[in-house]
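# Examining the three-dimensional arrangement
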Amino acid sequence: MERMSDARGLVVGNWKMNLDFVEAVHLTQQIGVVLRHQPVAHTDVVVAPPFVDLRSVSSVLEADRVPVAMAAQHVNAHDAGAHTGEISVGQLARLGVTQVIVGHSERRTLYAMSDDVVRATLFAVVRAGLRAILCVGEDLDVRSAGGQNEFVAGQLRDALEPLTPAQRALVTIAYEPLWAIGTGRSATSDEVRAISTHVRLVAADLEMPGALVLYGGSVSPENAGELISQGVNGFLVGGASLKAESFLAIIRAVDDCYAELR
Ligand code: PEP
């Protein structure tokens, strides 16, 4: 991958359904102390806490001037109304959320989030001017049959084609193979390089030549340094984002790589 000298890395921590608001505040403070005293110069950092923690996390980020942005893990595609238990984009924006993860595989598989709902949700996020982190990725059956490129291209086209180029510019693509999420078995360097090349070709075809592409799936402090040099702009991190030490080590690995490109 060619990277511009002013390109920046991106690391997003997806806390999933972990940490109550007290624990979330504690983790945010731990991350904040380190990033304020040893800032990363070339990498943007985002955390995606559970909905119920957003207000508390946002207070800490603001009060402690922590250079970290806040994402939500999901959102409802509707603006308001009779959707018991759901949350709107407007409600998230009021809390300081600037990005939303859309179509995470756990939403798609465990909560029956269809391609139609992914498309509508993505549209609702970018229409409001927020950034979206669109998750795509194949399961083990598709990978075993060698169908990953076609599968991922289909997911990308389906979600992105209805958007205008300006709306697409608000989308970060996260390639997350289902067989690597939470399994401790990350994709190999070769696999990450091959799929990131493919995702960039599809993105270019969709008039998104500068799209940010993340890899997600068992990223750890041990493999981050190697995986970041395989053509991705950074990582979507689940389990390893729940401890300040491992999350910060991954951020540092990405930042070191981008520092070398200057
Ligand atoms: C994720 O939930 O998006 C993820 C990549 O999880 P993990 O890092 O735990 O595999």
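Bringing the pairing of strand E6 (residues 171-175) into the picture now. For E6, the buried fraction is high: five of the five residues fall into the buried class. Side chains of E6 alternate between two faces, with Val171, Ile173 and Tyr175 and Thr172 and Ala174 buried alike. Relative to E6, strand E5 (residues 131-136) is paired through five bridges, and the arrangement is parallel. Pairing of Leu134 across the sheet is with Ile173, part of E6. Following the chain from E6 across helix H9 (residues 189-205) to the adjacent parallel strand E7 (residues 213-216), one finds a crossover that is right-handed.

Here the focus is unusual backbone geometry. One can expect most non-glycine residues to show negative phi and most peptide bonds to be in trans. The backbone of Arg65 shows a phi angle near 50°, a positive value even though the residue is not glycine. Turning to its location among the elements, Arg65 is positioned in the loop between helix H2 (54-63) and strand E3 (69-72). Accessibility expressed as a relative area gives 71% for Arg65, which makes it exposed. The phi angle at Ser218 is positive, at roughly 55°, despite the residue not being glycine. Structurally, the position occupied by Ser218 is in the loop between E7 and helix H10 (221-227).

One finds Tyr215 and Phe235 to be the most contacted residues of the largest nonpolar core, which totals 72 residues. In terms of residue count, helix H11 (residues 244-260) provides more of this core than any other element does, nine residues in total. Within the second largest apolar cluster, 11 residues are counted, among which are Val12, Val46, Leu214 and Leu236.

The strand order E1-E2-E3-E4-E5-E6-E7-E8 describes a closed barrel built from eight strands, whose pairing is parallel. Going from strand to strand, the sheet's axes swing by 25° on average, the running direction of each strand aside. By the bridge criterion, three bridges tie E6 to E7 in an arrangement that is parallel. Paired with Ala174 across the bridge in E7 is Leu214.

For H9, spanning 17 residues, the distance from its first C-alpha to its last is 24 Å, which sits close to the expected 24 Å at 1.5 Å a residue. When H9 is considered as a whole, its buried residues turn out to be Ser189, Val192, Ile195, Ser196, His198, Val199, Val202 and Ala203. Once H9 ends, the next one or two residues include Glu207, with phi positive near 60°.

Before going further, it helps to spend a moment on the pairing of strand E2 (residues 43-48). Among the six residues in E2, five count as buried, and that is most of the element. By the bridge criterion, six bridges tie strand E1 (residues 9-14) to E2 in an arrangement that is parallel. Bridging from a neighbouring strand, Asn14 pairs with Ala48 of E2. With two bridges connecting them, E2 and E3 associate as parallel partners. Paired with Val46 across the bridge in E3 is Ala69.

Another point: the site of the ligand. Inspection of the region around the ligand gives 14 residues, with Lys16, Glu176, Gly182, Ser218 and Gly238 positioned closest. Take His104: an N or O atom from its side chain is 2.9 Å from an oxygen atom of the ligand. Between the ligand and the protein, one listed contact pairs an oxygen atom with a backbone N or O atom of Gly238 at 2.8 Å. When isolated, the ligand has an accessible area of 290 Å², and the protein chains bury 95% of it. Here the residues of the shell around the ligand sort into four nonpolar, eight polar and two charged.

So, how was this worked out
Residues numbered from 1 in each chain as written. Predicted model: local features only at pLDDT ≥ 70, side-chain atom pairs only at ≥ 80, totals over all residues. Heavy atoms only, no water. Buried < 20%, exposed > 50% of the residue type's maximum accessible area, 1.4 Å probe, protein only. Helix = DSSP H or I, 4+ residues; strand = E, 2+ residues; numbered from the N terminus. Pairing = 2+ DSSP bridges. Right-handed = clockwise from strand over helix to strand, strands pointing away. Core = buried A, V, L, I, M, F, W, Y, C linked by side-chain atoms within 4.5 Å. Axes fitted to C-alpha atoms, helices over the stretch in contact; angles between N-to-C directions. Expected span 1.5 Å × (residues − 1). Near = heavy atom within 4 Å. Polar contact = N/O pair within 3.5 Å; in protein donor to acceptor, adjacent residues only side chain to side chain. Areas by Shrake-Rupley, 256 points an atom, 1.4 Å probe, with all protein chains shown as cover. Nonpolar A, V, L, I, M, F, W, Y, C, P; charged D, E, K, R; others polar.

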